[in-house]
There are 2 protein chains.
Amino acid sequence: MKYVFGVDIGGTTVKMGLLSENGECLDKWEIKTVKDNGGEKILPDVAASIKEKIAEKGIDIADVIGVGAGVPGPVDSKGVVHKAVNLGWDTFNAAETLSKLTGLKAMIGNDANVAALGEMWKGGGAGYADVVMVTLGTGVGGGIIVDGKIVSGSSGAGGEIGHMHVKDGETIACGCGNFGCLEQYTSATGISRTASEMFAKWDKSTVLTKDDLSAKAVFDGVKAGDELCIEVAKEFGETLGKGLALIAAVVNPEVFVIGGGVSKAGEILLSYITPSFDKYAFHGCKNAKMVLATLGNDAGMYGAAKLVIE
Amino acid sequence: MKYVFGVDIGGTTVKMGLLSENGECLDKWEIKTVKDNGGEKILPDVAASIKEKIAEKGIDIADVIGVGAGVPGPVDSKGVVHKAVNLGWDTFNAAETLSKLTGLKAMIGNDANVAALGEMWKGGGAGYADVVMVTLGTGVGGGIIVDGKIVSGSSGAGGEIGHMHVKDGETIACGCGNFGCLEQYTSATGISRTASEMFAKWDKSTVLTKDDLSAKAVFDGVKAGDELCIEVAKEFGETLGKGLALIAAVVNPEVFVIGGGVSKAGEILLSYITPSFDKYAFHGCKNAKMVLATLGNDAGMYGAAKLVIE
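Rules behind the numbers
- Residues numbered from 1 in each chain as written.
- Chains lettered and ligands numbered in written order.
- Predicted model: local features only at pLDDT ≥ 70, side-chain atom pairs only at ≥ 80, totals over all residues.
- Heavy atoms only, no water.
- Helix = DSSP H or I, 4+ residues; strand = E, 2+ residues; numbered from the N terminus.
- Rg over C-alpha atoms; globule rule 2.2 N^0.38 Å.
- Buried < 20%, exposed > 50% of the residue type's maximum accessible area, 1.4 Å probe, protein only.
- Contact = heavy atoms within 4.5 Å.
- Areas by Shrake-Rupley, 256 points an atom, 1.4 Å probe, with all protein chains shown as cover.
- Lys, Arg positive; Asp, Glu negative; His and termini not counted.
- Charge placed at Lys NZ, Arg CZ, Asp CG, Glu CD.
- Phe/Tyr/Trp six-rings, centres within 6.5 Å; stacked < 30°, edge-to-face > 60°.
- Lys NZ or Arg CZ within 6 Å of the ring centre and 35° of its normal.
- Least-squares fit on C-alpha atoms with pLDDT ≥ 70 in both.
- Buried area = accessible area lost by both parts, 1.4 Å probe.
- Salt bridge = Lys/Arg side-chain N within 4 Å of Asp/Glu carboxyl O.
- Polar contact = N/O pair within 3.5 Å; in protein donor to acceptor, adjacent residues only side chain to side chain.
- Nonpolar A, V, L, I, M, F, W, Y, C, P; charged D, E, K, R; others polar.
- Core = buried A, V, L, I, M, F, W, Y, C linked by side-chain atoms within 4.5 Å.

A. Just the overall build of chain A, in detail. Within chain A, the regular secondary structure consists of ten helices and twelve strands. For 310 residues, the compact-globule formula gives about 19 Å, and the C-alpha radius of gyration of chain A, at 20 Å, lands near that figure. Its C-alpha atoms give chain A principal-axis dimensions of about 65 × 45 × 35 Å. Burial status across chain A gives 57% buried among its 310 residues. Nonlocal contacts in chain A, meaning residues at least 24 apart in sequence, comprise 61% of its contacts between residues at least 6 apart. Surface summary for chain A: the accessible area is close to 12400 Å², and the carbon and sulfur share equals 51%. Averaged over its 29 positive side-chain charges, chain A has a centre that lies 0 Å from the centre of its 38 negative ones.

Right, here's the structure in full:
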C-alpha cells in the first residue's frame, strides 16, 4: 500500500491525515499552529509530526508518495505562498521548504482550492472533474476545478468568488475594500446582516429576536415556516444564485458543491439557490448540479493529500 | 519541417491555413461553406482541400502533425459538436469525422475558444498561459485559457461571457432569452443601442446622427473629442470593466485580450475599460494586463492549428 499525508494548516490548529493513495483515511490528528516569529515553526512542526507518525506506524518511507498542504492565503502553481496573514507568513516557496524538511515530495495549495479538490475526490463532487466549490462561512471562498485540476490563477487569486461584484449602490465596504461583493450578502455574516436589516422593518411576528439574528437562526426559522426567515433566505438565494450563474458562464461546471458553516442548514439551502441560478444562468450552463459538501472540516485534509497524487 | 493545418469554419466561408509547427503561416486560402443537407459537405470539402494542398506543395503526409478546426457552436473536450446552427449541424463527433476523412489527427474546438488560443499563441496574448479573450462583435464571445489550455466547460459553454448577468431591471431580452447580459451593452449592437438611447435625450451638439449610431461612429467621435460619444464610451467601459472583474475573480488571468470588430477602435478602447476594471476587481486580480488582439480574422486559423500541437 502507498501512503500520502494531507495537511490543512489553519490559524489555530493544523489538521493532519494519513491516507492511502485511494483516499482512505487511516489516521487523523491535530497539532497546534505556533505563529510566533512569522510562523517559522509551523512547517518544522508539521514535518516532525509526519516523521513521528511514519515511525509510529512502521511505514517504509519508500511507500510514502508525499505530503500536500492547504494554507490560508494565495498560492501560485509553483507552491509559492504570497503572504498568509493568519499564519504570520511572508512570501516564500512553502512547497520547497516542506519538501526539504520531510524529505518527501510536497505540494501546497490555497485552503479553499484544496477543500474543493477534496470534495471532488471524496465528497459531494465525487465522480465529477469540473467542479466549483463554494464555501459559505464567515466569508465566502471558492475553489474552481477544471478537468480535475485546481485553477490557482496567475497570482493565486483563482476562485476568489466571494469578491465578485453582485450589487451596485452598496454603501458599506467589504473586508477587501470594494463595495457590493458576493460575500457581503451570502456569507454567514452577510445573511445575519440581511436578517438584521429586515428584522428592523418587520412588524409581524417572527421567531427571530434581536439577540440572535445568525444565519443558523434564520435557517432554523425557515424550517419552522417563519415568514421573515423565508424572506431573508429568498434574498440570500437570489444573490447567490446570480453569483453562481456568473461563474457558470465562465467555466461551465458540472456541479456546484456548497459547503462551509451555512451549508449545515442542509438541502433546504439549495432550494433557495436553484431558482435564482436557473433564472440567471445561460441556457448552455443550466445543466449544472447543485449539491452539499459532505466532508466538512476534513475536505482540506483530503484535498491536500490529493494534491500530491497525480 | 513539420506541418499543421488550421481551419476556421464559418457560416459563409471556411478559412484555411497551412502552418509550420512553430506557427509560421506558409499559406492561407478560403473555401465556400456549403450548408445544404445539414452541412454534410462541409468536412468532406475541408478534407479535399487539405489533400489538394498537400499534393500541390509536395508535402510528405508523415510530416503533417494534424488538422485543427474551429466551429461556431459548443464543442466538448472529445470533439463532439453539440449543434452548430449556423452550419446546419446536429450533434456528432466532428473530430472523429475529420480524422477519418483526412487520415490525419484531428481536433475540434469552439470558434471563440480557438481564437483565444490563437491570440495566446501568436497574438496579443503571446507569452502568457492564463488568458481571457473577449470578442466584441455583433455579440460578445469569450475564450478562457488556463495554463495554456482552453476551458471548454462541461457542456461546451465555457467562456460564454457575453451572457453573464451584469444589469438588473433590463426590460429587453437578450438573444439568449435572459435579461441584462453583458452582450446587451458591450457588443457593437449594444454600444449602438446605448448611443441611440443617449442620442434621443441629448440636447447639445454631437457628431453622431440618427442615421449612424454605430459602434464605429461612436469611437470615431470619441477620437474627435465628441462629448456624447465619450459618454457612450464611458457607459460601455463601465459595464465591460465590471464584467471582466467578475471573470478575474473566477480564473485570475494574466491578461485580457480584447478583439472583435469593436476592438478596431484601438488603444483608446482600453482606456475606457481599465478604470472600471480597477474599480471592481478584487485586489489580488488587479495585476491583469489589458491588450488588443492582433490577429484579426486569422486568430481562429492559428488557434485551430495550435489545438493539434501539444
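B. Representation of the packing of aromatic side chains. Under the criterion given, the structure shown has six aromatic pairs over all chains. Each ring, one from Trp 89 of chain A and one from Phe 92 of chain A, has its centre 5.0 Å from the other, and the planes form 75 degrees; the classification is edge-to-face. For Trp 89 of chain A, a relative accessible area of 5% corresponds to the buried category. Phe 92 of chain A gets classed as partly exposed once you look at its relative accessible area, which sits at 26%. Between Phe 256 of chain A and Phe 277 of chain A, the ring centres sit 5.5 Å apart and the planes meet at 70 degrees, which makes this aromatic pair edge-to-face. Taken together, the residues span a long stretch of sequence, with Phe 256 of chain A in strand E11 (residues 255–259) and Phe 277 of chain A in helix H9 (residues 267–280) at a distance of 21 residues. The same class applies to Phe 256 of chain A and to Phe 277 of chain A, which are both buried. Lying over the aromatic face of Tyr 185 of chain B, Lys 167 of chain B brings its terminal NZ or CZ to 4.4 Å of the ring centre.

C. Structural detail: the relation of the copies chain B and chain A. The operation relating chain B to chain A is a screw motion whose rotation component is 180 degrees, with 0.0 Å of axial translation and a residual RMSD of 0.1 Å. The transformation just described matches what one would write down for a two-fold rotation axis. Of the residues that chain B buries at the interface, 100% are likewise interface residues in chain A, meaning the two copies contact each other through the same surface.

D. Structural context of the interface of chain B and chain A. With 38 residues of chain B at the interface, the matching set in chain A holds 38 residues. With both chains or domains summed, chain B and chain A bury close to 2900 Å², and 60% of this area falls on carbon and sulfur atoms. Among the residues chain B hides against chain A, the three largest losses belong to Ser 154, Val 250 and Phe 282 of chain B. Together they make up 22% of the total. With a shortest N-O distance of 3.0 Å, Lys 242 of chain B and Asp 168 of chain A are connected by a salt bridge. The tally of links from chain B across to chain A stands at 24 residue pairs in polar contact (both at pLDDT 80 or more). Sorting the residues of the side of chain B that touches chain A by element identifies strand E9 (140–146), helix H8 (227–251) and helix H9 (267–280) of chain B as the ones contributing at least two each. Considering every element that reaches the side of chain B that touches chain A, the biggest residue donor is H8 of chain B, with seven residues. The residue makeup of the side of chain B that touches chain A, split by class, is 18 nonpolar, 14 polar and six charged.

E. Just the nonpolar core, in detail. Membership of the largest hydrophobic core comes to 110 residues, with the highest contact counts inside it found for Phe 256 and Ile 258 of chain A together with Phe 256 of chain B. When neighbours within four sequence positions are excluded, Phe 256 of chain B is seen to be in contact with Val 132, Val 134, Leu 244, Ile 247, Ala 248, Phe 277, Ala 288, Lys 289, Met 290 and Val 291 of chain B.

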